[in-house]
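Here are the chains, one letter per residue:
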Amino acid sequence: MRVWSAQHGLPHNSINHITQDSQGYLWLATWQGTVRFNGRTFTVFDRETQLPDAGSLFVGEHPYTHKVVASGARGGVAHYDPQSQQWRPLPRIFNRVDYVLFSNPECTWYGTVTNGVVRECDGLRRQFTVDEGLPSNTILHLAQDSHDRVWAGTDRGPAYFDHASQRFQVISALPNGRTFGIISEQQSGDIYLSVDRSLFRLSPDHLQPEPWPVTYPSTITELYQAPNDDIWVGTHEHGLTLLQSDAARMTTVDNGLPNNHILSIFADRENTLWVGTHRGLIQFRQAPFHSHRNEDGLGYDYVRALYPLHDGSLLVGGLGGIKRIKDEAVLPFAVDSQVQSASILTFAQDSARRLYVGTFTRGLYVLENGEERYHYDQNNGFPGNDVRSILLAADGYLYAATSQGVLRSRRSANGELEPPEYFGVAEGLPDEIIYAIHEAHNGEIWIGSMRGLSKLVNGSIERVDLSDVSNAEFIFGFHETSSHILIASDRGLLTYRKRTGTWQVFDEDNGLPFAKFFDVVLDHAGNLWLASGRGLLYVSAEHFDEALYDDDPATPVKATYYHSYHGLASAQVNTGGSPMLVDRNNHLWVATSRGVGHFIPEKFQVLQQSPPRPVIESVIADQESVAQSSYLSAETGRIEFQFAGLGFHYPEGIRYRVQLAGYDNDWVTPGTAQTRVAYTELPPGAYIFQVQAAYPEGQWSDAATFTFHKLPKLWQRPVVWLLTAVAVIVLIILAFRLRSYRLQRSKERLQKLVREQTKILEQLAHQDSLTGLANRRAFDELLRKKTAHAEQQQLGLVLLDLDNFKDINDRYLHTTGDKVLQRVARVTKTAARNSDMIARWGGEEFAVLISDTDESQLQAICERMRNALLQSDLRDLVPGMDVSASFGAALHQPGESAASLIRRADKALYQAKSKGRNRTELADAD
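Computed from a prediction, not measured in an experiment: that's the story for all the values here.

Visitor: Explain the state of the cysteines to me, please; I cannot follow it from the model alone.
Guide: One covalent bond between the sulfur atoms of two cysteine residues makes up a disulfide. Tallied over the full model, the rule gives one disulfide. The disulfide partner of cysteine 107 is cysteine 121, and the gap between their sulfur atoms is 2.0 Å. On the sign convention where negative means left-handed, the S-S torsion of about 120° between cysteine 107 and cysteine 121 marks this disulfide as right-handed. With cysteine 107 in strand 11 (residues 107-112) and cysteine 121 in strand 12 (residues 117-121), the pair connects residues that are 14 residues apart, well separated along the chain. This pair shows no difference in class: cysteine 107 is buried, exactly as cysteine 121 is.

Visitor: Got a minute to help me understand helix 8 (residues 898-914) in this structure?
Guide: Each α-helix winds once per 3.6 residues, and so residues spaced three or four apart point in a common direction. Taking 1.5 Å per residue as the helical rise, helix 8 with its 17 residues ought to reach 24 Å, and the 24 Å between its terminal C-alpha atoms agrees with that figure. Of all the positions in helix 8, only Ala898, Ser900, Leu901, Arg904, Ala905, Ala908, Leu909, Ala912 and Lys913 are classed as buried.

Visitor: Would you mind going over helix 7 (residues 855-871) with me for this structure?
Guide: With 17 residues, helix 7 extends 24 Å between its outermost C-alpha atoms, agreeing within 8% with the 24 Å of an ideal straight helix rising 1.5 Å per residue. Restricting attention to buried positions, one finds in helix 7 the residues Leu858, Ile861, Cys862, Met865, Arg866 and Leu869. Taken end-on, helix 7 shows its buried residues confined to a sector of 130°, consistent with a single buried face. Of the residues in helix 7, the exposed ones pointing more than 90 degrees away from the buried face are Ser856 and Gln871.

Visitor: What is the right way to look at a nonpolar patch on the surface in this model?
Guide: Side chains of Leu722, Val726, Ile729, Val730, Ile733, Leu734, Leu738 and Tyr741 sit close together on the surface and give an oily, nonpolar patch of about 760 Å² of accessible area. With six residues, helix 3 (residues 718-735) is the largest single contributor of residues to the nonpolar patch. Secondary-structure assignment places leucine 738 in the loop between helix 3 and helix 4 (739-765).

Visitor: What's the story with the pattern of salt bridges in this structure? I'm lost.
Guide: Two side chains with opposite charge may pair up if their charged atoms get near one another. Counted according to the given criterion, the structure contains 34 salt bridges. One salt bridge connects arginine 96 with aspartate 98, and the closest N-O pair in it is separated by 2.6 Å. Classification of arginine 96 by relative accessible area gives partly exposed; the value is 27%. On the accessibility criterion, aspartate 98 (16% relative accessible area) is buried.

Visitor: I tried to follow the sheet that holds strand 47 (residues 492-497) on my own but got confused; where do I start?
Guide: Two orientations exist for strands paired in a sheet by backbone hydrogen bonds: parallel and antiparallel. Reading across the sheet, the four strands line up as 45-46-47-48 and stay open at both edges, with antiparallel pairing between neighbours. At either end of the open sheet lies a strand with only one pairing partner, and these are strand 45 (475-480) and strand 48 (502-506). Direction aside, neighbouring strands of the sheet carry axes that sit 20° apart on average. Pairing analysis gives five bridges linking strand 47 to strand 48, with the strands arranged antiparallel. Bridged to arginine 497 within strand 48 is threonine 502. The strands touched by helix 1 (residues 541-548) are strand 46 (484-489), strand 47 and strand 48; relative to strand 48, the strand with the most contacts, the crossing angle is about 125°.

The rules we used
Residues numbered from 1 in each chain as written. Predicted model: local features only at pLDDT ≥ 70, side-chain atom pairs only at ≥ 80, totals over all residues. Heavy atoms only, no water. Disulfide = S-S within 2.5 Å. Helix = DSSP H or I, 4+ residues; strand = E, 2+ residues; numbered from the N terminus. Buried < 20%, exposed > 50% of the residue type's maximum accessible area, 1.4 Å probe, protein only. Expected span 1.5 Å × (residues − 1). Arc of directions from axis to C-beta. Patch = residues over 30% accessible without salt bridge, like charges linked within 9 Å, V, L, I, M, F, W, Y side chains within 5 Å. Areas by Shrake-Rupley, 256 points an atom, 1.4 Å probe, with all protein chains shown as cover. Salt bridge = Lys/Arg side-chain N within 4 Å of Asp/Glu carboxyl O. Pairing = 2+ DSSP bridges. Axes fitted to C-alpha atoms, helices over the stretch in contact; angles between N-to-C directions. Contact = heavy atoms within 4.5 Å.

And the structure:
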C-alpha cells in the first residue's frame, strides 16, 4: 500500500472519483480541481477546465470520443481533448453533478444532487425527476447493465429507466435507502446494488432481488468490479473489503488506511488497485518488498533482531517479545518465560539448538525446548542488562555486547554460563557501549563500539586505528568473506582486505546517497545490501567487486536505493543483532520501525512482464509549444521533449531511452530521474523522436513517436545551390585574371598565420602549463627589467614554498599534488594585488613581484597570501587536508642586481623554513 496526499502534490485530500484514459494517465476528481497523474507528478487543472467551480466530483474518459469529461460542484461539465490538450466547457446542468454515464455514442446521462437525472442525446437535453418515476431527485450513482438499462442510485433507493415508457421504474422488493453502488457483473450480467449497509443481487432477466448474505458495518459508498472480476466494496466508516459470501474482512485505519471513508475505487490496466478517501489517494500493488506488521499478526511494529532457524522459519524480536515467521505466516513463539514481555535486541543459537536472547533492560535469557533454562542479569552477577549482540565463539565462550563493555563467560555443556569477566575502558576499549561483536575466520574477536573499532586477541584488547581512511566512530555490524571483512559504520562502509591488511571506505565520495549504515550482508550471489535508517542500498556483485579492487578511493559505486515506496512499511532499518539477514532461499529480511521487511526476488519479476507505456507530454521549440508533424523555422535553435512512462507499479524506477531518427545513430539513455531531453542547432531535415520505457531489468516498451521537420535556411535550398553553381562558373572564368592577386593574398595570409603562431609559441614559452601562471623564464625577464629601472624602495620580491609538499605527493600521488598546486595558484592570485606578477618558480615554489610597495605593505601582502592558503578548503581533493607555505621577502635596494635581490629573498625563505614554517620573513637591507 502507498498513499499520496496534499503534501505530495495533490490539491486536496478528498479523491471523489478515479479513472484511467486511453493513453494510460490516471485522472482524479478533487474538490480543488481535476488532476492528471503520470506516476511521478500531479498536473492540476484548476481554472483551465473553465468549470464554474474548480472542484470536480467526477472524471471519466468518454469511451467513444476518448475525451476526458469532468463535472463540478456548480453543475459545470467540461471536455479535455488529449490531442490539442485544451478544455472545452459545456452549458451548465442545474447544480452539482456527481456522476456522468456514457450509455452510447449519442447519449450521456448526468446525475445531479437536487434536480434528478439529465439525459443529453445529440445535444438535446431532457430532465427526469420524481415526476418521471425517480424515488428521489438526489442522484448518488449511475450505471448501465448488460441489457442496456440505465440505473440511478438515489438517497431513497435505486430505479432503472424503461425506454418504452421513458420513465424510471422502482423495484418494490428493495428497501428504501442510500444507493451509492450499482454494477453489472461482467461474466453473468447479474446486477449488484447497495442500499445502505446491505447488498442485493438481481438477475438481468427478471430483476428479482436476492439479499447478499453479508451486511456491512456501515453504509456502502462504492461498488467496483476490477478487470480480474474481483468486486470491491467501500464503506462510509469501515474502509474496504472484497465482495465475498463469508463475513467481511475490512481493511481499515487499523491496518494502514489513512481514512475509513471510501469515496472511489479503480483498477488500472496493470491491475493496480486505487482507492480514494478523505485523506488521500491509496494504491495497492505488487512491489519488490512487503512487510509483516503489527496489524498482520506480529503484535508490534518496532523490530530489532532477526535469526534464521533450522526449519527455515525466521525468529523475530522487538518491542513486543518474540514471534516466528514461516511460509509468510506470523506464528507465536511458545516459551514459558518473562522474555515474551521484554524488548528483544539479539538472538544466538548453539549446536544443541538452545536459544540465547539479549534484551534491552532484562539481560540475557537461555531458552530450550520452550522453557526458560537460565536468566542472567545484574541481580545474579551479570551487570549490563542492555545486551545488543551475542557471539557463541569457537573457544567455548559467550561474548556479549553490553552497555558495560564486552561480557565474556564460559559456556557449560548444558548452556549454563560461568561468572563473567568484562572488558571495558580499563582493559583498552575506547568505550564501553558496545554495538556488535564478530569472530573472524582467524579466531580474532572484532568489537564495534560507540567510539571506534577494536579486536580481542589472545585475551588482550587492540585498538584499530582508522584515522588514515575514515573518521568513523559508531561501529554497528560486521560481515566476513574469504577475502574481506565488511564493517557498517556511521561514516560509510569500511572494508578490510585480509591479505594486505589495507582499508578502504565507501561513502558519499563514491556516489552513495548517505553513509550511515547499521548492517551489511552479501546474498548468495555476492550482491551487497546495506541497511540504514533511511532505507536500503543494493550493489550488484559485479559493481561491488569493481569498486572493491579499484585503488581510487573515489571510485563511483552504482547502487540501487530501496525506500518505502518500494513496498516497505517503513524505510527505517533499526540497529540490533542483527537487523538484516539472507535466508536459505536468498530472500532478504530486514528489521524496521514498522515490522519485518521481506524482499522476494521472484516477485520482483512481476514488474518486468509488461513495460510501462511511454507518452510524449510536451514538445517545446524555442519556448513555444509544437504540435505533431509541425514544420520548424530555419532559425529554430532548441527543441525539448518531455516524456513519461505511464506505469504505476514502480514509477520512480522506470528507465528510458530516446532516439532522434535523422540525427542519433543509436538509442541514448538519459539519467535515472531525467524525463526530458533537448537538441540544439539541428540541421534541416525530417526527424522522428522516439522514446521507450521499461521497469528495472524489464523489457522495453513500444516507442512513443513525434514527427517534425526543420526547414532549411535560404543558403541551404536547391535554388540557392543553382545560383551558387552559376556564380562558381563565373568565378572560374575570372580565376586566371585574378591568379596573381589571389597568390599575393595567399602569401599575406600565410605570413600572418606565421606571425600568429609565433606569438602563440612565445606566449606558451612564458607560461607554466600546470598552473597557468607565468613561468620562471618570463619572471626572470620581468625582474631584470624592473631592477634595471627600479626606484628606491619601490620594488619587492616574494618567494614562497609549500610546507611538507613532498608528503602530499608521497601520500596522495602526484595527480593530487598537481591539483593542490593548481589550487594554490588560484588562491595566491586571488590574495595578491592585480598589479602583482605571480609565477611558478619551480616545483612547489612560487615567486611574486610587487611594485610600488614598502616594507609594511610587503609584509601585509605576504601575510594575506599566507592566511588565504591556510584557510583554503581542500576537502574536495582530500578530506581533512590543509596546506601552508613559508614566505621570504626582500625590498630592492638602489643599484641592486636581480640576482642579489633573489639571493636575499631566498635567504629570508630559508629563515622562515628553519623557524618552523608557515611564516613570513623579510630580508635585511644588506
